[in-house]
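Coordinate inspection notes
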Amino acid sequence: MSLTVLAVTFGIIFLAELPDKTALASLMLGTKYRAGYVFAGVAAAMAVQVGLALVAGHLLSLLPHRWVEGVTGLLFLAGAAMLLFHGGEDEDGHAAKEPSANSFWKVAGASFAVVAIAEFGDLTQIMTANLAAKYADPLAVGLGAWLALCAVAGIAIAGGQKLLKYVPMKVIIRVAAGVMILMAGVSIFQAVTG
């Protein structure tokens, strides 16, 4: 395993993932649930996505771009609707929910599902596949990509917990839903225009 390939992959994927929808999803999950639970689900989803990229990433580039954008747009709209219609149920509107000890699987599972869907066919997944093909070192590329994705998610989750100290949950939910609606519009526009 080449440490240089690992470092190059980490840098590229980290920078590409920072402004990504997965970071937004991780931030939102981190504002509502225990950070460790969310991170466990997100890290597992990232491992699956990196594995898919390493094994079958080249097939992702063959998918019709319009279909991927259309489905992504619809998923963003559904996510925005869920936030707007079910996100405002916090009693005080400011504190994060602390799941009970037995809800680890529920929170981690939901985090896994959200991130696995958001990351499918994502730019960083395709970039990971391309880097694996270029360097012919799947272990270094896979580990570098996974560490980068987890680092960005960790930053977003921790930021979500800190954000609640200064901004009410209702404001965060409305802003996140607005961003998701905007991203849905962009995805649907790209699906329609090709």
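Placed above this text is the structure.
Residues numbered from 1 in each chain as written. Predicted model: local features only at pLDDT ≥ 70, side-chain atom pairs only at ≥ 80, totals over all residues. Heavy atoms only, no water.

A few points about the nonpolar core
If you look at soluble globular proteins, the nonpolar side chains tend to sit buried side by side. Of all hydrophobic cores here, the largest spans 28 residues; its most connected members are I13, V38, V42, M46, V115, V141 and L149. When contributions to this core are tallied by element, the ones reaching two or more residues are α1 (3-17), α2 (21-32), α3 (35-60), α5 (104-119), α6 (123-135) and α7 (138-163). By residue number, the principal contributor to this core is α7, which donates nine residues. Among residues more than four places away in sequence, those in contact with V42 are S26, S111, V115, A153 and I157. (Core = buried A, V, L, I, M, F, W, Y, C linked by side-chain atoms within 4.5 Å. Buried < 20%, exposed > 50% of the residue type's maximum accessible area, 1.4 Å probe, protein only. Helix = DSSP H or I, 4+ residues; strand = E, 2+ residues; numbered from the N terminus. Contact = heavy atoms within 4.5 Å.)

Side note on the packing of α2 against α5
Packing of α2 against α5 leaves a shortest axis separation of 9 Å and a crossing angle of 165°. In this view, α2 runs roughly antiparallel relative to α5, as classed from their interaxial angle. As for how α2 packs across α5, the hand of that crossing is right-handed. Seen from α2, the contacting residues are K21, T22, A25, S26 and L29; seen from α5, they are S111, V114, V115, A118 and E119. Of the residues belonging to the contact of α2 with α5, the class tally is five nonpolar, three polar and two charged. (Axes fitted to C-alpha atoms, helices over the stretch in contact; angles between N-to-C directions. Parallel < 35°, antiparallel > 145°, perpendicular 65-115°, else oblique. Left-handed = near helix turned anticlockwise from the far one by under 90°. Nonpolar A, V, L, I, M, F, W, Y, C, P; charged D, E, K, R; others polar.)

Brief notes about the packing of aromatic side chains
Across all of its chains, the model carries three aromatic pairs by this definition. Geometrically, the ring pair formed by F10 and F14 is stacked, given 5.7 Å between the ring centres and 15° between the ring planes. Taken together, the residues span about one helical turn, with F10 and F14 both in helix α1 at a distance of four residues. Relative accessible area serves as the criterion here: at 30%, F10 is assigned to the partly exposed category. On the basis of relative accessible area, F14 is assigned to the buried category, the value being 19%. With a centroid separation of 5.2 Å and an interplanar angle of 90°, the aromatic rings of Y37 and F104 are classed as edge-to-face. Of this pair, Y37 sits in helix α3 while F104 sits in helix α5; the two residues are 67 residues apart in sequence, bridging distant segments of the chain. The class of Y37 is buried, set by a relative accessible area of 12%. One aromatic cluster in this structure is built from Y37, F104 and W105. (Phe/Tyr/Trp six-rings, centres within 6.5 Å; stacked < 30°, edge-to-face > 60°.)

A look at α5
The terminal C-alpha atoms of α5 lie 22 Å apart, and with 16 residues this matches the ideal 22 Å at 1.5 Å per residue to within 8%. Listed as buried for α5 are V107, A108, S111, V115, A116, A118 and E119. For α5, the buried positions fall inside an angular range of 165° around the axis, keeping them on one side. For α5, exposure combined with an orientation more than 90 degrees from the buried face picks out W105 and K106. In the segment just after α5, G121 is the residue with positive phi, at about 75°. (Expected span 1.5 Å × (residues − 1). Arc of directions from axis to C-beta.)

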